[in-house]
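Observations on the three-dimensional arrangement
Below are the chains, spelled out letter by letter.
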Amino acid sequence: MKVLVTGAAGRIGRAICIRLLPEHEVIGLDRTPASTVQLVGDLSDPLLLRRALREVDAVIHTAALHAPHVGISADSEFERINVQGTELLANMAAGYGARRFIFTSTTALYGAASQQATRAAWVDEELPPRPVSIYHRSKLAAEASLSAAARAGMSVTALRMSRCFPEPAPLMACYRLHRGIDARDVAEAHALALQNELPGLRRYIISGATPFQPEDAEALLHDAPAVLALRAPALVEAFRQRGWRLPRAIDRVYSPALAMRMLAWRPRYGFEEVLRLLDEQSSEVLPPCRE
């Protein structure tokens, strides 16, 4: 399969390219030159997109402005890049005969819906998003813009991925249980989504496998250590050995159950991988903050 990957110089785009290269012909596009980029330029350039989409079977669209750009880039840039750029790319891809379009979305678009007053929010695909920032709104609008391509017969998948960047190790390890994901697991989800041939638009949450259950929601918010002792004793013991404090509260759980069922996807890199990378002094994990 010939696959165009936008944002191929970025963290997730690069991981996707590396995952796909042994099996597919991959064309990377980005504004920034990199070893995974063959075409350098902006998504708003129709001439560049015509070159990029020639004989392409599928598009994986990771290029976007992200949360750190809020307050730095104008809201109009979020609209131009995240919304209009996605719509232009999807419509042109459909016109050039691409059969599949995979959009790298974010769990951040749930916004205020992922915070509740009396219990941890259980976030799955049935929870209506309540976006707060321009980033949230632009990613949700970008998903909506893909409906036209889906109606035209293209298979469209939006993968709402959770946190996936280096953070202090104790925080990052806990997040792998309820709101974090390894870039390699994200890449694998994209690779499996390429196998989807059904027309229409589908949305999946991509986050680390969670040991928690919906009935844990109230206790997670008010007494997270007790729930962790029950559901994740290995993490509790690892924290004890390292002298780290457990979180007092966990305010949300992103459930990847639907993606695991429908894509036959399994997250492989949990909290143990965070600890291993820390011990190897990998740049993928930050050391604990000094108290």
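Residues numbered from 1 in each chain as written. Predicted model: local features only at pLDDT ≥ 70, side-chain atom pairs only at ≥ 80, totals over all residues. Heavy atoms only, no water.

Attention now moves to the overall build of the chain. Along its length, the chain carries twelve helices and nine strands. By the compact-globule yardstick of 19 Å for 291 residues, the chain fits well, its C-alpha radius of gyration being 19 Å. Projected onto the principal axes, the alpha-carbon positions of the chain cover approximately 55 × 40 × 40 Å. Classification of the 291 residues of the chain by burial places 53% in the buried group. With an accessible surface of roughly 13300 Å², the chain has 52% of that area assigned to carbon and sulfur atoms. Within the chain, the 32 negative side-chain charges are centred at a point lying 1 Å from the centre of the 34 positive side-chain charges. (Helix = DSSP H or I, 4+ residues; strand = E, 2+ residues; numbered from the N terminus. Rg over C-alpha atoms; globule rule 2.2 N^0.38 Å. Buried < 20%, exposed > 50% of the residue type's maximum accessible area, 1.4 Å probe, protein only. Areas by Shrake-Rupley, 256 points an atom, 1.4 Å probe, with all protein chains shown as cover. Lys, Arg positive; Asp, Glu negative; His and termini not counted. Charge placed at Lys NZ, Arg CZ, Asp CG, Glu CD.)

Taken N-terminus to C-terminus, the directions of helix 3 (residues 75–95) and helix 4 (residues 134–145) make an angle of 20 degrees; their axes are 8 Å apart at the nearest point. Judged by the inter-axis angle, helix 3 sits roughly parallel to helix 4. Note on packing geometry: the crossing formed by helix 3 with helix 4 is right-handed. Contacts between helix 3 and helix 4 involve D75, F78, N82, V83, T86 and E87 on the former and, on the latter, I134, Y135, R137, S138, K139, A141, A142 and S145. Each residue belonging to the contact of helix 3 with helix 4 can be placed in one class, and the counts come to six nonpolar, four polar and four charged. (Axes fitted to C-alpha atoms, helices over the stretch in contact; angles between N-to-C directions. Parallel < 35°, antiparallel > 145°, perpendicular 65-115°, else oblique. Left-handed = near helix turned anticlockwise from the far one by under 90°. Contact = heavy atoms within 4.5 Å. Nonpolar A, V, L, I, M, F, W, Y, C, P; charged D, E, K, R; others polar.)

A two-sided burial pattern is seen for strand 4 (residues 58–61), the buried positions comprising A58 and I60 on one face and V59 and H61 on the other. Summarising the sheet, strand 4 and strand 5 (residues 100–106) pair through four bridges and their orientation is parallel. Within strand 5, the residue paired with H61 across the bridge is F103. Running through helix 3, the crossover from strand 4 to the neighbouring parallel element strand 5 is right-handed. (Pairing = 2+ DSSP bridges. Right-handed = clockwise from strand over helix to strand, strands pointing away.)

Looking now at the sheet that holds strand 1 (residues 2–6). Pairing is parallel in the open sheet, where seven strands are placed in the order 3-2-1-4-5-7-8. Whereas interior strands pair on both sides, the edge strands pair on one side only; in this sheet they are strand 3 (39–40) and strand 8 (200–206). In the sheet, strand 1 pairs with strand 2 (residues 25–30) via five bridges, with the strands oriented parallel. From the neighbouring strand, V5 faces strand 2, where its bridge partner is G28. Its contacts with the sheet place helix 1 (residues 11–20) against strand 1, strand 2, strand 4, strand 5 and strand 7 (155–161), and it is angled at close to 165 degrees to strand 1.

Moving on: the UniProt feature "domain: NAD-dependent epimerase/dehydratase" (unreviewed entry) in the chain. The sites that UniProt annotates as "domain: NAD-dependent epimerase/dehydratase" (unreviewed entry) are residues 3–163. Each end of residues 3–163 is marked by a C-alpha atom, and these two atoms are 25 Å apart; helix forms 35% of the span and strand 20%. (UniProt positions renumbered as here; feature names shortened; annotations may be inferred.)

With that out of the way, let us pick up the nonpolar core. By size, the foremost hydrophobic cluster in this structure holds 32 residues, and its most contacted members are V5, L20, I60, L159, I206 and W265. Among the elements that take part in this core, helix 7 (residues 183–193) stands out by supplying seven residues, more than any other. Discounting residues that sit within four places of it in the chain, I206 has contacts with L159, R160, M161, S162, I181, V186, A189, A259 and W265. Residues L4, L49, A149 and V156 belong to the second largest nonpolar core, which totals 26 residues. (Core = buried A, V, L, I, M, F, W, Y, C linked by side-chain atoms within 4.5 Å.)

Further remarks concern the side chain of H136. Summarising the element assignment, H136 is placed in helix 4. The contacts of H136, once residues within four sequence positions are left out, are A108, L109, G111 and P131.

Their axes nearest at 8 Å, the elements helix 1 and helix 7 cross at an angle of 60 degrees. Relative to helix 7, the element helix 1 is oriented oblique. With respect to the hand of their crossing, helix 1 and helix 7 are arranged in right-handed fashion. Across the interface between the two elements, I12, A15, I16, R19 and L20 of helix 1 pack against A183, V186, A187, E188, H190 and A191 of helix 7. By residue class, the composition of the contact of helix 1 with helix 7 is eight nonpolar, one polar and two charged.

On to helix 2 (residues 46–53). Residues three or four positions apart in an α-helix share a direction because the helix packs 3.6 residues into each turn. Those residues of helix 2 that sit buried are L48, L49, A52 and L53. Seen along its axis, helix 2 keeps its buried residues to an arc of 120 degrees; they face one direction. Opposite the packed face of helix 2, turned more than 90 degrees from it, sit the exposed residues L47 and R51. On its buried face, helix 2 is in contact with strand 1, strand 2, strand 3, strand 4 and helix 3. Where helix 2 begins, the capping side chain belongs to D45, and its oxygen is found 3.0 Å from the backbone nitrogen of L47. (Arc of directions from axis to C-beta. Polar contact = N/O pair within 3.5 Å; in protein donor to acceptor, adjacent residues only side chain to side chain.)

For the coordinates displayed, the defined rule picks out one aromatic pair. Their ring planes at 85 degrees and their centres at 5.2 Å tell us that F239 and W244 sit as a pair that is edge-to-face. Of the two residues examined, F239 and W244, each falls in the buried class. A cation over an aromatic ring shows up here: R179 above the ring of Y175, its NZ or CZ 4.8 Å from the ring centre. The ring of Y269 has R184 sitting right over it, with the charged end atom 3.7 Å from the ring centre. (Phe/Tyr/Trp six-rings, centres within 6.5 Å; stacked < 30°, edge-to-face > 60°. Lys NZ or Arg CZ within 6 Å of the ring centre and 35° of its normal.)

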